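# Breakdown of the fold
These are the residues of each chain, in order.
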Amino acid sequence: MDSQWRISRDSQRGARPRKAVASALPALFAVLLCAAPWGSASAEAEESDSCVECHSDSDLMVTNKKLYDYFLRWGDSIHMQEGVSCHDCHGGSPGISDKKGAHDGSLGGDEATSAVNFRNIPDTCGECHDDIFEGFRKSEHFEQVSSEENEEQQAPTCVTCHGAINVAAPDVTTVEEICQQCHNEDSDNQPENPRKARALLNRLLSIHRYYRYITVRGDPVEMKPFFARIDAQISDLTVTWHSFDLETIEEKTETVLNELKAKRGEVATAYKKDRKQRIERPD
Ligand code: HEC
Ligand code: HEC
Ligand code: HEC
Ligand code: HEC
Ligand code: HEC
């Protein structure tokens, strides 16, 4: 997980996933509290999550290490912390404890009807990240991914950039590498995109840095209207980013960055003045 993106987490709360994870939480707590370390089901669990109960079985470590690793990675993820469980992305019936009943339908990625098949991934993730999905839906990438004409995956989905289980936002270096997989001299498909993506992401990073400075040094009461406005703009940047309309992203990031720079100037001046007064007239 990349801490640089966490800076604005609070600022983006308002636009965050709508699907409350409340349904998954009781089950998860039951597992966490009653069955630690990860293990068998608890009789006290009111709502069970058979997926986690069975997939956390330490026998799997020996019999099916690859499968067990999926569980481990999920156990490290922000989704686990937020109560997003296997069935939220894979489907199936977490209330049924036998394997066949729980799996109930397709779960792996190969079948076209699976929720984690590449065509369906944006929809699956978009169930909760609906604002970002709206942005992504406008992109040429989505067009390519959902086109019936392409039998193989031609363009990135959410997991190409974020991973499937232990999700994180790419940093400037990884984003360039990801874009380069398809946008390069050999493919002759807009080879300039990786460099542009890196520059834009760098600018977003500056936005988060200025934002943090203002949060730390600014007067919280005075800043309230400013934050209300700028938070909405920053959320909108994340949505716009996912449309991959690089020109619009460039314009919008520049506007926000300039506003933050100006505000940072004001805050720094006020802070210095305040400190000087305190030194001259200590009480
Ligand atoms: C009683 C044990 C058990 C339960 C309950 C269970 N699983 Fe599994 N799961 C397994 C085993 C074992 C495998 C390995 C493949 C096999 O044996 O079918 C597996 C395989 C999988 C796979 C890989 C499928 C593939 O095609 O490779 C996914 C995804 C999965 N399970 C998700 C889930 C989800 C989601 C739930 C809950 C709705 C769940 N499992 C409940 C034991 C279980
Ligand atoms: C945030 C959504 C999400 C959660 C939560 C999640 N998965 Fe997945 N999982 C995916 C996606 C998407 C893929 C397909 C990855 C790809 O295409 O690269 C996947 C792939 C898999 C696979 C490989 C299936 C295949 O077809 O090869 C297994 C096994 C698996 N997950 C098990 C689990 C288990 C067990 C849990 C819970 C402990 C879990 N997943 C939680 C989204 C999720
Ligand atoms: C059931 C709801 C749900 C589903 C489905 C879901 N997420 Fe999430 N996701 C959340 C919540 C809640 C958070 C934590 C709050 C936040 O940071 O937005 C989160 C956080 C994230 C983050 C931020 C991680 C970070 O570093 O801060 C990423 C990236 C992400 N999810 C990607 C995905 C992807 C990709 C999928 C599909 C494979 C997916 N999510 C499916 C609910 C969900
Ligand atoms: C898995 C392959 C793949 C990856 C990875 C990928 N793209 Fe693309 N991208 C495509 C394809 C395919 C198209 C459509 C090209 C066409 O229309 O001929 C496209 C189109 C685009 C376009 C043009 C959109 C338009 O409206 O014309 C932009 C901009 C773009 N990608 C940016 C990026 C950026 C930035 C990254 C990395 C963050 C990235 N792409 C990663 C495959 C990919
Ligand atoms: C081509 C790469 C790419 C694709 C495809 C992509 N993202 Fe992102 N995503 C990024 C990058 C880079 C960031 C960081 C920039 C930002 O926050 O605006 C990001 C940010 C995010 C965040 C905020 C992370 C945080 O910590 O605040 C979430 C949530 C997210 N993406 C979910 C999704 C979902 C859901 C999809 C599919 C509908 C998706 N992304 C598709 C590259 C991608």
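The structure displayed is predicted, hence computed values, not measured ones.

## Quick word on the overall build of the chain
A tally of helices and strands in the chain yields 16 helices and zero strands. For the chain, buried positions account for 22% of its 283 residues. Once local pairs closer than 6 in sequence are excluded, the contacts in the chain between residues at least 24 apart make up 57%.

## Regarding the confidence of the model for the chain
When pLDDT is averaged along the chain, the result is 84, and 83% of the positions lie at 70 or above. Averaged over each element, pLDDT in the chain is lowest for helix α1 (residues 9–12) (36) and highest for helix α10 (residues 130–137) (97). For the stretch residues 1–46, pLDDT sits under 50, and the model shows 69 contacts to residues farther than four places along the chain or on other chains.

## Description of unusual backbone geometry
For residues besides glycine, phi is generally negative; the peptide bonds are generally trans as well. For Q190, which is not glycine, the phi dihedral falls at a positive 40°. Relative to the helices and strands, Q190 resides in the loop between α13 (172–180) and α14 (193–217). Exposure remark for Q190: the 14 C-beta atoms within 10 Å place this residue in the partly exposed category. Unlike most non-glycine residues, F244 shows phi in positive territory, near 55°. Its location among the elements puts F244 in the loop between α15 (220–241) and α16 (246–280). Judged by local crowding, F244 falls into the buried class, with 20 C-beta atoms found within 10 Å.

The rules behind each value
Residues numbered from 1 in each chain as written. Chains lettered and ligands numbered in written order. Predicted model: local features only at pLDDT ≥ 70, side-chain atom pairs only at ≥ 80, totals over all residues. Helix = DSSP H or I, 4+ residues; strand = E, 2+ residues; numbered from the N terminus. Buried ≥ 20, exposed ≤ 12 C-beta atoms within 10 Å, placed from the backbone. Contact = placed C-beta atoms within 7 Å. pLDDT = per-residue confidence, 0-100.

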